[in-house]
Amino acid sequence: MKILKLLFKYGQLNTSDLAHRLGVNYKLTMQHLELLEAERVIQHRGSGRIKFFRFANTLKARVTVKLLEEWEKN
């Protein structure tokens, strides 16, 4: 949920930025990103070492963004 909230706030972030903002290590962050990507909630751009993650253009991702919008209102 914390990853999703950060992506909602900033639009896109790379793995290192996410790990730093979450206060966890790179490997753990990458594991969670891979799970979210496998579920087609997020997608990455770039190849090699630096990957930027953002919400995917899927129904599941749009519903997640809507939920976060409502959450932020309260």
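Placed above this text is the structure.
Reading the values: rules and limits
- Starting afresh in each chain, residues are numbered from 1 along the sequence in its written order.
- Reporting in this predicted model follows two pLDDT cut-offs: at least 70 for local features of residues, and 80 or more for side-chain atom pairs to be given and counted; totals over whole chains, interfaces and linings ignore these cut-offs and use all residues.
- The basis for every side-chain value is the complete set of heavy atoms in the structure, and neither hydrogens nor water enter the calculation.
- The pairing test for Phe, Tyr and Trp rings, Trp by its six-membered ring, is centres within 6.5 Å, and the orientation test on the planes gives stacked under 30 degrees, edge-to-face over 60, and tilted for anything in between.
- Distance and angle both matter: a charge sits over a ring if NZ of Lys or CZ of Arg is within 6 Å of the ring centre and within 35 degrees of the ring normal.
- Residues grouped as a nonpolar core are buried Ala, Val, Leu, Ile, Met, Phe, Trp, Tyr and Cys residues, joined through side-chain atoms within 4.5 Å.
- For the exposure calls, accessible area comes from a 1.4 Å probe over protein chains only, and a residue counts as buried if that area is under 20% of its type's maximum, exposed if over 50%, partly exposed in between.
- In DSSP terms, a helix is any run of H or I states spanning at least four residues, a strand is any run of E spanning at least two, and both are numbered starting from the N terminus.
- Polar contact is the term for a pair of N or O atoms within 3.5 Å; when the atoms are in protein, one must be able to donate a hydrogen and the other to accept it, and sequence-neighboring residues count only if both atoms are side-chain atoms.
- The contact criterion used throughout is that any non-hydrogen atoms of two residues lie within 4.5 Å.
- Between N-to-C directions, angles cover 0 to 180 degrees, with each direction set by a line fitted to C-alpha atoms, over the stretch in contact for helices.
- Put simply, angles under 35 degrees are roughly parallel, angles over 145 are roughly antiparallel, angles from 65 to 115 are roughly perpendicular, and the rest are oblique.
- Note that Gly is not counted as nonpolar here; it falls among the polar residues with everything else outside the nonpolar set of Ala, Val, Leu, Ile, Met, Phe, Trp, Tyr, Cys and Pro and the charged set of Asp, Glu, Lys and Arg.

### Here's the deal with the packing of aromatic side chains
- Following the criterion strictly, the structure yields zero aromatic pairs and no others.
- The ring of Tyr10 carries the charged tip of Arg21 above its face, separated from the ring centre by 4.3 Å.

### Quick word on the nonpolar core
- Ranked by internal contacts, the top residues of the largest apolar core, which has 17 residues, are Leu4, Leu7, Leu18, Leu33, Ile42 and Phe55.
- Secondary structure elements with two or more residues in this core: helix H1 (2–10), helix H3 (26–38), strand E3 (52–55) and helix H4 (59–73).
- Per-element accounting of this core gives the leading share, four residues, to H1.

### Observations regarding the side chain of Asn14
- Within the fold, Asn14 resides in strand E1 (residues 12–14).
- On the accessibility criterion, Asn14 (14% relative accessible area) is buried.
- One polar contact links the side chain of Asn14 to the main-chain amide nitrogen of Ser16, over a distance of 3.1 Å.
- Not counting residues within four places of it along the chain, the set of residues in contact with Asn14 comprises Ile50, Lys51 and Phe52.

### Observations regarding the packing of H1 against H4
- Orientation of H1 relative to H4, taken along the N-to-C sense of each, is 85°, at an axis distance of 11 Å. Between H1 and H4, the interaxial angle falls into the category roughly perpendicular. Every residue of H4 that contacts H1 at Leu4, Lys5 and Phe8 is listed here: Thr64, Val65, Leu68, Glu69, Trp71 and Glu72.
- Class assignment of the residues belonging to the contact of H1 with H4 gives a composition of five nonpolar, one polar and three charged.

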